[in-house]
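Breakdown of the fold
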Amino acid sequence: MNGIQLGFAMCGSFCTFSQVVAEMEKLREKGLDIVPILSEAAYESDTRFGRAADWKKRVEELCGRPILHTLQEVEPIGPRALLDALVVAPCTGNTLAKLANGVTDSVVTMACKAHLRNARPLLLAVSTNDALAGNLQNIGSLLCRKNVYFVPFGQDDPQGKPTSLIADMSLIGDTVQEALQGRQLQPILVRK
């Protein structure tokens, strides 16, 4: 996958950040050039999973470039056809809902809209507690959308959080490879 320009947008499902950044590191080792994008929440929020400044520093050092975190920075992704593929990992329920309904009011949704105008792959790695509730229709809608692919996902805690789904972040690289060939990685439903 050498020479691939991969956008990598992180939303505010902070509990997955360590997994997501580990996968980002594996993609860099495979030769992908990664353009990091952080949602407003991911860029600014200190949580029990880490300080925003520490995550930003780690991502920028890993990617070797500054994080895109404003609408003005991500809008040119479309007109300049900057990316071969764009991964949203973690992709929160809020972002899923906005993408499914054409709402472009955040850094990540603007990056996605700009990228999709070039008919190139958009990959979503869901991480949301309401996936099998309020967001199920949005997942269904996006599963049918051209150039949108999902990192395979499953229930992370069926007893404690029966409506929660999380992508298997270790499959991001495989999903990118398949999406670049116009195929959805299968099976899309996995046991967590």
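Let me sum up the structure you'll find in this document. (Residues numbered from 1 in each chain as written. Predicted model: local features only at pLDDT ≥ 70, side-chain atom pairs only at ≥ 80, totals over all residues. Heavy atoms only, no water.)

Burial within strand 2 (residues 33-38) is extensive, with five of its six residues counted as buried. Relative to strand 2, strand 1 (residues 5-10) runs parallel, the two sharing six bridges. Bridging across to strand 2, Phe8 finds its partner in Pro36. A crossover links strand 1 with its parallel partner strand 2, the connecting element being helix 1 (residues 17-29), and its sense is right-handed. (Buried < 20%, exposed > 50% of the residue type's maximum accessible area, 1.4 Å probe, protein only. Helix = DSSP H or I, 4+ residues; strand = E, 2+ residues; numbered from the N terminus. Pairing = 2+ DSSP bridges. Right-handed = clockwise from strand over helix to strand, strands pointing away.)

For the rest of this paragraph, the subject is the pattern of salt bridges. Summed over the entire model, instances satisfying the criterion amount to six salt bridges. Taking the shortest distance from any N to any O, the salt bridge between Asp33 and Arg65 comes out at 3.2 Å. Here Arg65 lies in the loop between helix 3 (52-63) and helix 4 (71-74) and Asp33 lies in strand 2, a separation of 32 residues in the sequence. In this structure Arg65 comes out as partly exposed when scored by relative accessible area, which is 25%. The closest approach of N and O atoms between Lys98 and Asp105, which form a salt bridge, is 2.8 Å. Residue Asp105 is classed as partly exposed on the basis of its relative accessible area of 48%. (Salt bridge = Lys/Arg side-chain N within 4 Å of Asp/Glu carboxyl O.)

Of the positions making up helix 7 (residues 136-143), those classed as buried are Asn138, Ile139 and Leu142. Here the buried residues of helix 7 occupy an arc of 100° about the axis, which is enough to place them on one side. (Arc of directions from axis to C-beta.)

Okay, the environment of Lys161 next. Note on placement: Lys161 falls in the loop between strand 6 (153-154) and strand 7 (165-167). Between the alpha carbons of Lys161 and Ile188 there is a distance of 20 Å; along the sequence they are 27 residues apart. With near-sequence residues (within four places) excluded, Lys161 lies in contact with Asn129 and Asp156. (Contact = heavy atoms within 4.5 Å.)

Summarising the element assignment, Ala52 is placed in helix 3. You can call Ala52 buried: its relative accessible area is 4%. For the pair Ala52 and Phe14, spaced 38 residues apart in the sequence, the C-alpha separation amounts to 10.0 Å. With sequence-adjacent residues up to four places away left out, Ala52 is seen in contact with Ala42, Tyr43, Glu44, Ser45 and Asp46.

On to the packing of helix 5 (residues 93-100) against helix 6 (residues 107-116), then. In contact at an axis separation of 10 Å, helix 5 and helix 6 are set at 40° when each is read in the N-to-C sense. Classed by the angle they form, the pair helix 5 and helix 6 counts as oblique. For the crossing formed where helix 5 meets helix 6, the hand is right-handed. Judged by residue contacts, Thr95, Lys98 and Leu99 of helix 5 engage Val108, Thr109 and Cys112 from helix 6. (Axes fitted to C-alpha atoms, helices over the stretch in contact; angles between N-to-C directions. Parallel < 35°, antiparallel > 145°, perpendicular 65-115°, else oblique. Left-handed = near helix turned anticlockwise from the far one by under 90°.)

A word on the packing of aromatic side chains. The final tally for this structure, using the stated rule, is three aromatic pairs. Summarising the aromatic geometry, the rings of Phe14 and Phe17 are spaced 5.2 Å apart at their centres and angled 55° between planes, so their arrangement reads as tilted. No difference in accessibility class separates Phe14 from Phe17, as the two residues are buried. Arranged with centres 5.9 Å apart and planes meeting at 70°, the rings of Phe150 and Phe153 form a pair that is edge-to-face. We classify Phe150 as buried; its relative accessible area is 0%. (Phe/Tyr/Trp six-rings, centres within 6.5 Å; stacked < 30°, edge-to-face > 60°.)

In this structure, Phe8, Met10, Ile37, Val88, Leu124, Phe150 and Ile172 are the most contacted members of the largest nonpolar core, which totals 66 residues. Other than its neighbours up to four places away in sequence, Phe150 contacts Leu96, Leu124, Val126, Ile139, Leu142, Leu143, Thr175, Gln184 and Ile188. (Core = buried A, V, L, I, M, F, W, Y, C linked by side-chain atoms within 4.5 Å.)

Turning to unusual backbone geometry, a few remarks are in order. In this structure, the amide linkage connecting Ala89 to the following residue, Pro90, adopts the cis form with an omega of -5°. Of note, Pro90 is situated in strand 3 (residues 85-91). A cis amide bond, omega -5°, links Gln186 with the succeeding residue Pro187. Here Pro187 shows up in the segment after helix 8 (172-180). The phi dihedral of Ala81 is positive, around 45°, even though this residue is not glycine. Structurally, Ala81 is set in the loop between helix 4 and strand 3. Not every positive phi belongs to a glycine, and Ala119 is a case in point at roughly 55°. Of note, Ala119 is situated in the loop between helix 6 and strand 4 (122-128).

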